[in-house]
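# Inside the fold
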Amino acid sequence: MSPPVAPPGWSRWLVPPAALSVHLSIGQAYAWSVFKPSLESALDLSGTQSALPFQLGIVMLGLSAAFGGTLVERNGPRWAMTVALICFSSGFLLSALGAATEQYWLIVFGYGFVGGIGLGIGYISPVSTLIKWFPDRPGMATGIAIMGFGGGALIASPWSAQMLESFGSDSSGIAKAFLVHGLTYALFMSLGVFLVRVPRPTKTAADGTPAPLQGVQVSANSAIRTPQFWCLWVVLCMNVTAGIGILEKAAPMITDFFSDTSTPVSVSAAAGFVALLSAANMAGRIGWSSTSDLIGRKNIYRVYLGVGAVMYALIAWVGDSSKPLFICCALVILSFYGGGFATIPAYLKDLFGTYQVGAIHGRLLTAWSTAGVLGPLIVNWIADRQEEAGKSGASLYGVSLIIMIGLLVIGFVANELVRPVNARHHIPAQREASDVHERQQSA
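Residues numbered from 1 in each chain as written. Predicted model: local features only at pLDDT ≥ 70, side-chain atom pairs only at ≥ 80, totals over all residues. Heavy atoms only, no water.

It is worth spelling out the environment of G143 at this point. For G143, the position within the fold is in helix α8 (residues 138-167). On the accessibility criterion, G143 (0% relative accessible area) is buried. Distance from G143 to G68, taken between C-alpha atoms, is 22 Å for residues 75 residues apart in sequence. Leave out the neighbours within four places in its chain, and G143 touches R285, I286, S289 and A342. (Helix = DSSP H or I, 4+ residues; strand = E, 2+ residues; numbered from the N terminus. Buried < 20%, exposed > 50% of the residue type's maximum accessible area, 1.4 Å probe, protein only. Contact = heavy atoms within 4.5 Å.)

This part covers the domain arrangement of the protein chain. Along its sequence, the protein chain is carved into domain 1 (12-195) and domain 2 (220-425). Of note, the centres of domain 1 and domain 2, computed from C-alpha atoms alone, are 22 Å apart. Contact residues are listed per partner, giving 31 residues for domain 1 and 34 residues for domain 2. Contact between domain 1 and domain 2 buries roughly 2,700 Å² in total, counting both sides, with carbon and sulfur atoms accounting for 70%. Counting across the domain 1 and domain 2 interface gives zero salt bridges. Connecting domain 1 to domain 2 are 11 residue pairs in polar contact (both at pLDDT 80 or more). Elements that contribute at least two residues to the side of domain 1 that touches domain 2 include exactly α4 (52-75), α6 (104-124), α7 (127-133) and α8. Sorting elements by how many residues they give to the side of domain 1 that touches domain 2 places α8 first, with 12 residues. Taken together, the residues of the side of domain 1 that touches domain 2 sort by class into 19 nonpolar, nine polar and three charged. (Domains from an automatic or database assignment. Buried area = accessible area lost by both parts, 1.4 Å probe. Salt bridge = Lys/Arg side-chain N within 4 Å of Asp/Glu carboxyl O. Polar contact = N/O pair within 3.5 Å; in protein donor to acceptor, adjacent residues only side chain to side chain. Nonpolar A, V, L, I, M, F, W, Y, C, P; charged D, E, K, R; others polar.)

As a packed pair, helix α16 (residues 357-364) and helix α17 (residues 366-388) sit with axes 4 Å apart at the nearest point and diverge in direction by 20°. Here α16 lies roughly parallel to α17, going by the angle between them. Contact with α16, carried on its side by G362, R363 and L364, involves T366, A367 and W368 of α17 and no other residues of that element. When its residues are assigned to classes, the contact of α16 with α17 shows three nonpolar, two polar and one charged. (Axes fitted to C-alpha atoms, helices over the stretch in contact; angles between N-to-C directions. Parallel < 35°, antiparallel > 145°, perpendicular 65-115°, else oblique.)

Taking 1.5 Å per residue, 21 residues should reach 30 Å; α6 reaches 29 Å between its end C-alpha atoms and fits that length. Taken as a whole, α6 carries its principal kink of about 35° at G115. (Expected span 1.5 Å × (residues − 1). Bend = angle between axes of the 7 residues up to and from the residue.)

On to the environment of D293. Along the chain, D293 falls in helix α13 (residues 267-295). Setting aside residues up to four positions removed in sequence, D293 forms contacts with R137, P138, G139 and M140.

Time to look at the packing of aromatic side chains. In total, this model carries 30 aromatic pairs according to the counting rule given. Ring plane angle 10° and centroid distance 5.5 Å describe the contact between F109 and F113, whose orientation is recorded as stacked. Pair noted here: F109 and F113 are both in helix α6, with a separation of four residues, about one helical turn. Ring centres of F257 and F258 lie 6.4 Å apart, and the angle between their planes is 50°; this geometry places the pair in the tilted category. This pair shows no difference in class: F257 is buried, exactly as F258 is. Here the aromatic cluster, defined as three or more aromatic residues joined through ring pairs, consists of W32, F35, F88, F92, Y111, W159, F178 and Y185. Over the face of the ring belonging to F258 we find K323, whose NZ or CZ atom lies 5.9 Å from the ring centre. (Phe/Tyr/Trp six-rings, centres within 6.5 Å; stacked < 30°, edge-to-face > 60°. Lys NZ or Arg CZ within 6 Å of the ring centre and 35° of its normal.)

To continue, consider a nonpolar patch on the surface. A cluster of nonpolar side chains, V310, L314, W317, V318 and I402, forms an exposed patch at the surface whose accessible area comes to about 450 Å². The element contributing the most residues to the nonpolar patch is helix α14 (residues 297-318), with four residues. Tracing the chain through its elements places L314 in helix α14. (Patch = residues over 30% accessible without salt bridge, like charges linked within 9 Å, V, L, I, M, F, W, Y side chains within 5 Å. Areas by Shrake-Rupley, 256 points an atom, 1.4 Å probe, with all protein chains shown as cover.)

This part takes up helix α11 (residues 227-247). One full turn of an α-helix is made of 3.6 residues, so residues set three or four places apart face in the same direction. For α11, which comprises 21 residues, the first-to-last C-alpha distance of 30 Å matches the rise-based estimate of 30 Å (1.5 Å per residue) to within 8%. When you tally the buried positions in α11, you get 18 out of 21 residues, the bulk of the element.

Residues at a pLDDT of 70 or more form 93% of the protein chain, whose mean pLDDT is 87. Element-level pLDDT for the protein chain is lowest in helix α19 (residues 429-442), with a mean of 50, against a maximum mean of 96 in helix α5 (residues 77-101). Low pLDDT, under 50, characterises residues 205-210; the stretch is placed with 12 contacts to residues that sit more than four places away or in other chains. (pLDDT = per-residue confidence, 0-100.)

Looking now at the packing of helix α1 (residues 15-26) against helix α9 (residues 171-195). For the pair α1 and α9, interaxial distance at closest approach is 7 Å and the crossing angle is 155°. Regarding the angle of α1 to α9, the classification is roughly antiparallel. The two elements α1 and α9 cross, and the hand of that crossing is left-handed. Of α9, the residues touching α1 (which contributes P17, A18, S21, V22, L24, S25 and I26) are Y185, F188, M189, L191, G192 and L195. Here the contact of α1 with α9 is built from residues that sort into 10 nonpolar, three polar and no charged. (Left-handed = near helix turned anticlockwise from the far one by under 90°.)

Here we take up the pattern of salt bridges. By the definition in use, this model includes seven salt bridges. The salt bridge involving D136 is made with R137; its shortest N-O contact spans 3.8 Å. Overall, D136 belongs to the partly exposed group, its relative accessible area being 46%. Residue class for R137 comes out partly exposed when judged on its relative accessible area of 34%. Measuring nitrogen to oxygen at the nearest pair gives 2.7 Å for the salt bridge that ties R297 to D293.

Following this line, the structure appears as structure tokens:
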């Protein structure tokens, strides 16, 4: 599939909606917890077992983004969005079959493995294109799209819950809900497939061949050999681990923190807290990434990591004394979590250029896969051990919160170590122009 080149007069503002149609769809992954109670009841699963599709999906997101990033750069955003549509929707259809036949392994394979590939390819599909369309505001452009991934759960959570209520929470009802999800998301994602376009290459006056891109340009293979890439890998991993540690256990955490007080948190209030966190996650993706266009990428990560550590410290030491303080600190942390995701493509563009920024971004997302396992593991495992030791309430999370502070400090140091890429990793302008010309000719 050839990358679709925009005709003369094409508005660049049509590209963010195309990206949003994909990201709002795959953002459903954050609403997987809606299905957990029904699956546990219908298929006699433990909480750990019911989390497997989500965990495998996040792992496959990172792996498919890493290994598929170069293919996305080569074949363009329409190819990537098509692959994402097929995999993500097929994952739901396989899960529907698994629920209908009560074969849980098929749900894990469908949603986690097949759907996870759709998550990874879909996540990176518009990034490079958006940066090329908005060279003046790359943080804002990628923030708009990646905001959709954070906000997808705000749509999917009530929608999925309503379907389970209408169809029933037994295996048959779950199967019908999965089926409707698969078909609806296929239709919605197709809007992005048909709408997306890549910008027309800039021509030189002399021979009509594409002009080389401006500034530093580094290939994906060279980028992973630089210390800058691995510093950013640590930065992203630490920031995501800290955020996902709260996000994954938000409802039980706020309930436990105030269980021994005169005003315990109700189930409905805990659910409202989770919704607030999702909103903060989404708002941070567009708000903080746009701010990075003004104050710089390194400075904004100083805020994410430095202020984030302070927020965790406040929760650890005085969080159980005030609900407003606990909620405000958690909202700030989740806004930094979302902002970190949305800002990292622009940070990569600043360091490595736009030549293969999508492929580089894909490789960097392996940090997300690592954090997706590390964050919940730290919080859940330590909470279980503390409970076995007879502790309760806020003391279940004290050790976890201190660990999160340490991880954010590590990320802060890694961000400070980021320097401009050494010239030996830059690609020659002639080679870059030749590669762009070859892609244009093949199109």
